[in-house]
Amino acid sequence: MTALLALHLAAALAAPLLVRRWGRSAFLALALVPGVAFGWVLAQLAAVTDGRAVTETTPWIPTLDLAITLRLDQLSLTLASLVTGVGALVLVYCARYFEPDDEGLGRFAGTLTAFAGSMLGLVLADDMLLLYVFWELTTVFSFLLIGGSGGRLAGRRAASQALVLTTAGGLAMLVGLILLGQASGSYLLSEVVADPGSGPLVVTGTLLVLVGAITKSAMVPFHFWLPAAMEAPTPVSAYLHAAAMVKGGIYLVARLAPGLADVPGWRPVVLGLGLATMLVGGYRALRQHDLKLLLAFGTVSQLGFLMVLVGAGSAELAAAGLVMTVAHALFKSTLFLTVGVIDHATGVRDLRRLSGLGRRLPVLAVIGTLAAASMAGLPPLLGFVGKEAAFTALLDGGLPDRTAALLVLTGLVLGSVLTVAYSARFVWGAFARKPGLAATEPAALVHPPGPLFLTAPALLALCGLALGPASPLLDRLVAGHAAALPLLAPEAEHLALWHGLQPALALSAVTVVAGALLFAARARVTRVQQRLAVGASADEGYWNTMQGLDRLAVLVTGTTQRGSLPAYLGTILVVVLALPGSVLVFRAPWPGEWRAWDSPVQALVGATALVAAVLAVRIRQRLSAVLVVGVTGYALAVLFVLQGAPDLALTQFLVETLSLVTFVLVLRKLPKDITERHRPRERALRGVVAVCVGAFMAAVGAVALAARTAAPVSVDYPAEAYSFGGGENIVNVTLVDIRAWDTLGEISLLVVAATGVASLVFLRRRTGAVERAPGQAPASPPTRWAPRNRWLAASATLPPQRRSVVLEVVTRVLFHTIVVFSLYLLFTGHNEPGGGFAGGLVAGLALVLRYLAGGRYELGEAAPVDPGLLMGAGLLFAGGTGVVGLTLGAEVLQTAILQTTLPVLGDVKLVTSLFFDIGVYLIVLGLVLDVLRSLGAELDRQVDEDDPVDSTPEEVIVR
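It should be emphasised that the depicted structure is a prediction, and the values quoted were computed from it without experimental measurement.

## Notes on unusual backbone geometry
Phase 1 of the analysis: Proline 221 follows valine 220 through a cis peptide bond whose omega is 5 degrees.
Phase 2 of the analysis: Mapped onto the elements, proline 221 comes out in the loop between α9 (200-216) and α10 (225-228).
Phase 3 of the analysis: Geometrically, the link from proline 379 to proline 380 is a cis peptide bond, its omega value of 5 degrees lying close to zero.
Phase 4 of the analysis: In this fold, proline 380 is placed in the loop between α17 (362-376) and α18 (382-395).
Phase 5 of the analysis: Backbone geometry places alanine 218, a non-glycine residue, at a positive phi of 60 degrees.

## Here we look at the environment of alanine 707
Phase 1 of the analysis: One can find alanine 707 in the loop between α30 (680-706) and α31 (717-723).
Phase 2 of the analysis: Sequence separation of alanine 707 and proline 591 is 116 residues, and the distance between their C-alpha atoms is 7.7 Å.

## Let's talk about the pattern of salt bridges
Any two side chains of opposite charge can pair if their charged atoms end up close together.
Phase 1 of the analysis: The tally for this structure, following the rule as stated, stands at twelve salt bridges.
Phase 2 of the analysis: In this structure, aspartate 73 and arginine 71 form a salt bridge, with 2.9 Å as the shortest nitrogen-oxygen distance.
Phase 3 of the analysis: Judged by its relative accessible area of 8%, aspartate 73 falls in the buried class.
Phase 4 of the analysis: In this structure, the salt-bridge partner of aspartate 262 is arginine 267, at a minimum N-O distance of 3.0 Å.
Phase 5 of the analysis: Through salt bridges with shared partners, a single ionic network connects Asp50, Arg52 and Arg476.

## Comments concerning the side chain of histidine 241
Phase 1 of the analysis: Tracing the sequence through the fold places histidine 241 in helix α11 (residues 234-243).
Phase 2 of the analysis: Its relative accessible area of 0% is what places histidine 241 among the buried residues.
Phase 3 of the analysis: For histidine 241, the residues in contact, after removing those within four places along its chain, are Ser142, Ile146, Trp225, Leu226, Ala229, Met230, Val236, Val246, Thr299 and Phe336.

## Some points on the packing of aromatic side chains
Phase 1 of the analysis: Evaluated as defined, the whole model comprises 15 aromatic pairs.
Phase 2 of the analysis: Considering the side-chain rings of tyrosine 93 and phenylalanine 453, the 4.9 Å spacing of their centres and the 40 degrees angle between planes classify their relative orientation as tilted. Here phenylalanine 453 lies in helix α20 (residues 451-466) and tyrosine 93 lies in helix α4 (residues 74-97), a separation of 360 residues in the sequence. Both residues of the pair, tyrosine 93 and phenylalanine 453, count as buried.
Phase 3 of the analysis: Chaining the aromatic ring pairs together yields one cluster made of Phe27, Tyr93, Tyr97, Phe98, Phe108 and Phe453.
Phase 4 of the analysis: Over the aromatic face of tryptophan 543 sits the side chain of arginine 157, whose NZ or CZ is 4.0 Å from the ring centroid.
Phase 5 of the analysis: Across from the ring centre of tryptophan 428, 5.1 Å away, lies the NZ or CZ of lysine 434, which sits over that ring.

## Quick word on the nonpolar core
Phase 1 of the analysis: Core analysis: the biggest nonpolar cluster contains 184 residues, and Tyr239, Leu412 and Phe426 have the highest contact counts within it.
Phase 2 of the analysis: Per element, the largest residue contribution to this core is 19 residues, and it comes from helix α15 (residues 315-346).
Phase 3 of the analysis: Contacts of phenylalanine 426, omitting those with residues within four sequence positions, involve Leu291, Leu294, Leu295, Leu335, Val339, Ala372 and Phe431.

## Comments concerning the confidence of the model for the protein chain
Regions with low pLDDT carry predicted coordinates that are not meant to be interpreted in detail.
Phase 1 of the analysis: Confidence in the prediction for the protein chain averages 86 pLDDT; 92% of positions are at 70 or higher.
Phase 2 of the analysis: Counting interchain partners and residues more than four positions distant, the pLDDT-below-50 stretch residues 776-788 has 18 contacts.

## Considerations on the layout of surface pockets
Phase 1 of the analysis: Considered as a void within the structure, the largest pocket measures approximately 1,600 Å³ in volume.
Phase 2 of the analysis: Put simply, the parts of the chain that give the lining of the largest pocket at least two residues each are α25 (565-578), α27 (600-618), α28 (622-642), α29 (646-667) and α30.
Phase 3 of the analysis: Here the lining of the largest pocket takes ten residues from α30, the largest share from any one element.
Phase 4 of the analysis: A breakdown of the residues in the lining of the largest pocket according to their chemical character gives 25 nonpolar, eight polar and nine charged.

## Some thoughts on α28
Residue pairs spaced three or four apart in an α-helix point in one direction, given the helix's 3.6 residues per turn.
Phase 1 of the analysis: With 21 residues, α28 extends 31 Å from end C-alpha to end C-alpha; this agrees with the ideal 30 Å at 1.5 Å per step.
Phase 2 of the analysis: Of all the residues in α28, the buried ones are Ala625, Val626, Val628, Gly630, Gly633, Ala635 and Ala637.
Phase 3 of the analysis: Those residues of α28 that are buried lie in contact with α27 and α29.
Phase 4 of the analysis: Positive backbone phi, approximately 80 degrees, marks glycine 644, located one or two places after α28.

## Quick look at the environment of isoleucine 747
Phase 1 of the analysis: You can see isoleucine 747 is positioned in helix α33 (residues 740-761).
Phase 2 of the analysis: Given a relative accessible area of 6%, isoleucine 747 falls into the buried group.
Phase 3 of the analysis: For the pair isoleucine 747 and glycine 919, spaced 172 residues apart in sequence, the C-alpha separation works out to 9.3 Å.
Phase 4 of the analysis: Setting aside residues no more than four positions away along its own chain, isoleucine 747 makes contact with Leu875, Ala878, Val920 and Ile923.

## A few points about the packing of α15 against α20
The description of two packed helices rests on the angle between their axes and on the distance between the axes.
Phase 1 of the analysis: Closest axis-to-axis distance for the α15/α20 pair is 9 Å, and the angle between their directions is 150 degrees. In terms of orientation, α15 and α20 fall into the roughly antiparallel class. Considering how the two elements wind past one another, α15 and α20 form a crossing that is left-handed. Of α20, the residues touching α15 (which contributes Leu330, Ser333, Thr334, Leu337, Thr338, Gly340, Val341 and His344) are Phe453, Leu454, Ala456, Pro457, Leu460, Ala461, Cys463 and Gly464.
Phase 2 of the analysis: Of the residues belonging to the contact of α15 with α20, the class tally is ten nonpolar, six polar and no charged.

## A few points about the pairing of strand β2 (residues 66-72)
On a regular strand, one side chain projects to one face of the sheet and the next to the other, so that they alternate.
Phase 1 of the analysis: With seven bridges joining them, strand β1 (residues 54-61) and β2 adopt antiparallel strand pairing. Across the sheet, residue threonine 55 finds its bridge partner in β2, namely arginine 71.

## Overview of the packing of α4 against α11
Phase 1 of the analysis: Where α4 contacts α11, the two axes come as close as 9 Å, and the packing angle between them is 170 degrees. Viewed along their axes, α4 and α11 adopt a mutual orientation that is roughly antiparallel. Facing α4, whose interface residues are Val83, Val86, Gly87, Val90, Tyr93, Cys94 and Tyr97, α11 presents Thr234, Pro235, Tyr239 and Ala243.
Phase 2 of the analysis: Class assignment of the residues belonging to the contact of α4 with α11 gives a composition of nine nonpolar, two polar and no charged.

What counts as what
- Residues numbered from 1 in each chain as written.
- Predicted model: local features only at pLDDT ≥ 70, side-chain atom pairs only at ≥ 80, totals over all residues.
- Heavy atoms only, no water.
- Helix = DSSP H or I, 4+ residues; strand = E, 2+ residues; numbered from the N terminus.
- Salt bridge = Lys/Arg side-chain N within 4 Å of Asp/Glu carboxyl O.
- Buried < 20%, exposed > 50% of the residue type's maximum accessible area, 1.4 Å probe, protein only.
- Contact = heavy atoms within 4.5 Å.
- Phe/Tyr/Trp six-rings, centres within 6.5 Å; stacked < 30°, edge-to-face > 60°.
- Lys NZ or Arg CZ within 6 Å of the ring centre and 35° of its normal.
- Core = buried A, V, L, I, M, F, W, Y, C linked by side-chain atoms within 4.5 Å.
- pLDDT = per-residue confidence, 0-100.
- 1 Å grid on protein atoms, 1.4 Å probe; cavity = no way out; pocket = protein on both sides within 12 Å on 5 of 7 lines; lining within 4 Å.
- Points joined across faces, edges and corners; volume = space filled by probe spheres on them.
- Nonpolar A, V, L, I, M, F, W, Y, C, P; charged D, E, K, R; others polar.
- Expected span 1.5 Å × (residues − 1).
- Axes fitted to C-alpha atoms, helices over the stretch in contact; angles between N-to-C directions.
- Parallel < 35°, antiparallel > 145°, perpendicular 65-115°, else oblique.
- Left-handed = near helix turned anticlockwise from the far one by under 90°.
- Pairing = 2+ DSSP bridges.

Below is the structure:
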């Protein structure tokens, strides 16, 4: 099963390349991926129907008890067959739906394939946290598919609406899943359903999970996002919003119903919202003129029907619900694909403008009519079997409360009447000839559908037709899931097309006749709906709420964010003193004895740092203040040295040096002096806050050390670092092995922050372009200065007053030595002070030296590479190390020790965490280069544009 998910991922990544090479025919190749998955799922049918669930567990993080646990049983097999089978046919359909020159086709193909894999993972996941990951992946991919290229406002609005609602519901669901996991003692769905526990945690967790399910499956009052999502291309509507994504909530409710249906609040929410959704969706469908919107509201109605059946908590209704889930996926995806063919052929979806299309496209008319008949519940189609099974279950007492069963039955009958009416409206609107409207002429068919274009809807419609008489074949599959629920009827009804003359058959006939009469009186129904129309809607309520939140955000921001950094910082520090500070004073265990220092040298260094801090406040020149602040950082590094922490000291020295360089680069754009003056009272208040916060942090450190009662884990680090991580440098082994996950997260944030900050400097556009030294100018044209010897590649681009021969010579001599030293720190960091972070900083300082000596062109000659490429490659290198370890059967980011004997080199010991450290090295080097490019070279370029006197000789010649 994991291999199937990996296959979808690989296909999604390869999709843009395949589309670029093969055009829209690449969809046929991509269809093989869900097709293979569909074949594998069907191959497990015999084992699953015999009650033998197929399980697969891949360890992920054993120490946290996290694993990729997948499980295929009767319920997941049913949904997986729909996800893969319909997905494969939709991809085949895409090969003719899109035009060869459509923009963004490769991205669309990759996203749709990735969605198919995510949906497959959702229905196979047995671990609740893994289920949530796939749940949110489907949300993200749905957002991308609905929004398309982002060029249409309606698409962007619909995508953002769907994202906000389903993500909010997903977050609520995550909290609910955690509560259920804690209450039951397990995070496996199969174990939670078997023994969910009891108490307030279970009730709260259940209701929160239902919030996620009802938002995902578009239940009232969150139903409006689904019709808005019809802005997406028709294949997306047919797959995501008919057969796959919206079934996520239905699947989750069906999965949890055997264990949680009796939890207080479950049935009122599921049955009440399900019935309301069925009636509201059916009522709204009768008002639509756009065929796609008609089907969208019909989908909302049918989802409400499914929610009632699968969530009722009885075996009879669960079996009917599973059959209706299959039937709905077949007929609704067929209908959406049919509308896509109509739209593709005529360019029209408005049923008021279509006339006589059934005669022009008879095959399509038969396909659409079969699907609509299944939706209406007409025999001999599968929709009839499922609907009659639902009526039979409720008539036989499919709910614990007979009164509730009668009310639910009444609601389902009314909803089914609406279903028949809008099914007839669809067939009439799409294919019938309308009086007073000219028939659609053959010449008006822009793209007559070919055989391949009709293959997918035809196969889906035929499946719905064939499974009606063959419904007994589904009995074992649905009965396996229904067996987990209580049987409330005297005896279970088996699936069949004909059960004789029963009350359920009479109810089916009533719904068909009443629905036909409702459709026949459509003109009167339209007038009644217009009279009963209200000015408000759930969609308008959503946008009004969002606008209200925007206004509130503007109000709060305008009130609190006044543009004063001291005010923001002061507020934060005062809150720290008021809350944690109070706890520290009154509740913290203070140490019994105090020791000011271990040696007098520490006191001297501390006093130096304090004097520097005071001078930083008093000095009025910015550069001098920055240098004095740097003294405090260097003093801290000296304290690290005195305490026997060479790694920390080396890193602190390097970071402080680079910080000084960055400050100096920034100061070029700021006035020389600090001109802002404050009243003595303000300065005194700030001084008090600063001193109090400093004392608070010192006290926190002392209290934290005194509060320790257990032996620190670090005492075992020296032995474990060598035996487990293969290194003697505890700091480096901790960073690249023991706490490698933390390091990976930190370097990821570093890449994001560096990219964002640098992008603010490139005001016009974020280029990251490398500025190489211009070619040699001819000797004949006059220059503004006499040529001098070149110690560096681009030193001649600087004017004489900005050149320093001493600095150029020193740079020429030391640059390569510093780079080699950085590599030495990288490769020896596992056993000696150093590592990827320190090595990257040293290499970055070598680039700083080249920039200071030769300017921005010299920087381009020294590092002719995009900083973003370096950081991206480093992040990929570091993350790839973990993935490679996983494929080899180890834990993620686990170090492997390789020892061998090589000619000349002798015994060689290599740890795989070195490659992780190389990624860190590249990221840090890219960060430094980005700082120099953005705050150095870019500002130099802006200065040259403003002041041509400092331009390069070649630029003067051109002028």
